[in-house]
Every structure is written in structure tokens, then in C-alpha cells.
Amino acid sequence: YIDAALRRHGAEVPIVLVTLDPRTDSPAHLARFKREHGLPDRWHLLQGDDAHTRALAGRLGTHVAYDDAHIDHDVRFAVVDREGRIARTYEGWDFDPEDAVRGL
């Protein structure tokens, strides 16, 4: 949804997806996911170490529950400005993509 809204507004901004499961989602796994879903080059799928991943989740206010088999987490979408500051956040899948791209 967000990508379509960006295209409607002529915005070619990078989109960054960060896995919350760095133990399972290796760079190769993420590259395969990107390829299989036909995501454009401006989409960047990232994986960090466990400590940095948890710190990012905390900074974004994303609640994550880890266990041995998998993780459970809420969904958080953040709009980051040119200075790297979080401008707006949206929780869950039920947000208005037009609102998210307004002002970009």
C-alpha cells in the first residue's frame, strides 16, 4: 500500500525493512525474499546483530517477544526525515498510506 501511495505522489524515496529476527533472516534469506516478491531496488532489507535489532525495536516502540522457535511482534511503520529523525509512526497494518506520504 505504501509503495503505491509513494508512486501516486511521484516520490522515489528509499524504503527500509529491518528484520526483527536476525537469527533466522540472514542477508541471503532477505535477498531471496526481495527477489521472490519483486521488490524494487529502492527497497532495502536489512539485518543487524541481536543487540542492535533489539535497540532499534525499542527506539521505534515495537514490542517483540522472543522464544526459541520464533518471534512475535507488532507492526510499526516509521517515516524518517532527512536528518534521520522519526517524523511519524504508524502501528499495525491499518494506517492511511496517503497520510504517511503527505509532506514527503
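Use the structure listed above.
Residues numbered from 1 in each chain as written. Predicted model: local features only at pLDDT ≥ 70, side-chain atom pairs only at ≥ 80, totals over all residues. Heavy atoms only, no water.

Moving on, we get to the overall build of the protein chain. Within the protein chain, the secondary structure is distributed over four helices and six strands. When the helices and strands of the protein chain are listed from N to C terminus, the series reads α-β-α-β-α-β-β-β-β-α. The C-alpha atoms of the protein chain give 14 Å as radius of gyration, which agrees with the globular expectation for 104 residues (13 Å, within 12%). Its C-alpha atoms give the protein chain principal-axis dimensions of roughly 40 × 30 × 25 Å. Taking all 104 residues of the protein chain together, the buried fraction comes to 26%. Sequence separation of 24 or more characterises 46% of the internal contacts of the protein chain that already satisfy a separation of 6 or more. As displayed, the protein chain offers around 7,300 Å² of accessible surface, 53% of which is attributable to carbon and sulfur atoms. A gap of 6 Å separates the mean positions of the 14 positive and 19 negative side-chain charges of the protein chain. (Helix = DSSP H or I, 4+ residues; strand = E, 2+ residues; numbered from the N terminus. Rg over C-alpha atoms; globule rule 2.2 N^0.38 Å. Buried < 20%, exposed > 50% of the residue type's maximum accessible area, 1.4 Å probe, protein only. Contact = heavy atoms within 4.5 Å. Areas by Shrake-Rupley, 256 points an atom, 1.4 Å probe, with all protein chains shown as cover. Lys, Arg positive; Asp, Glu negative; His and termini not counted. Charge placed at Lys NZ, Arg CZ, Asp CG, Glu CD.)

Here the focus is the nonpolar core. Core analysis: the largest hydrophobic core is formed by 14 residues, its most contacted members being I2 and L6. Elements with a contribution of two residues or more to this core: α1 (2–8), β2 (43–46) and α4 (97–101). The biggest single contributor to this core is α1, with three residues. Discounting residues that sit within four places of it in the chain, I2 has contacts with I15, F77, F95, P97, A100 and V101. (Core = buried A, V, L, I, M, F, W, Y, C linked by side-chain atoms within 4.5 Å.)

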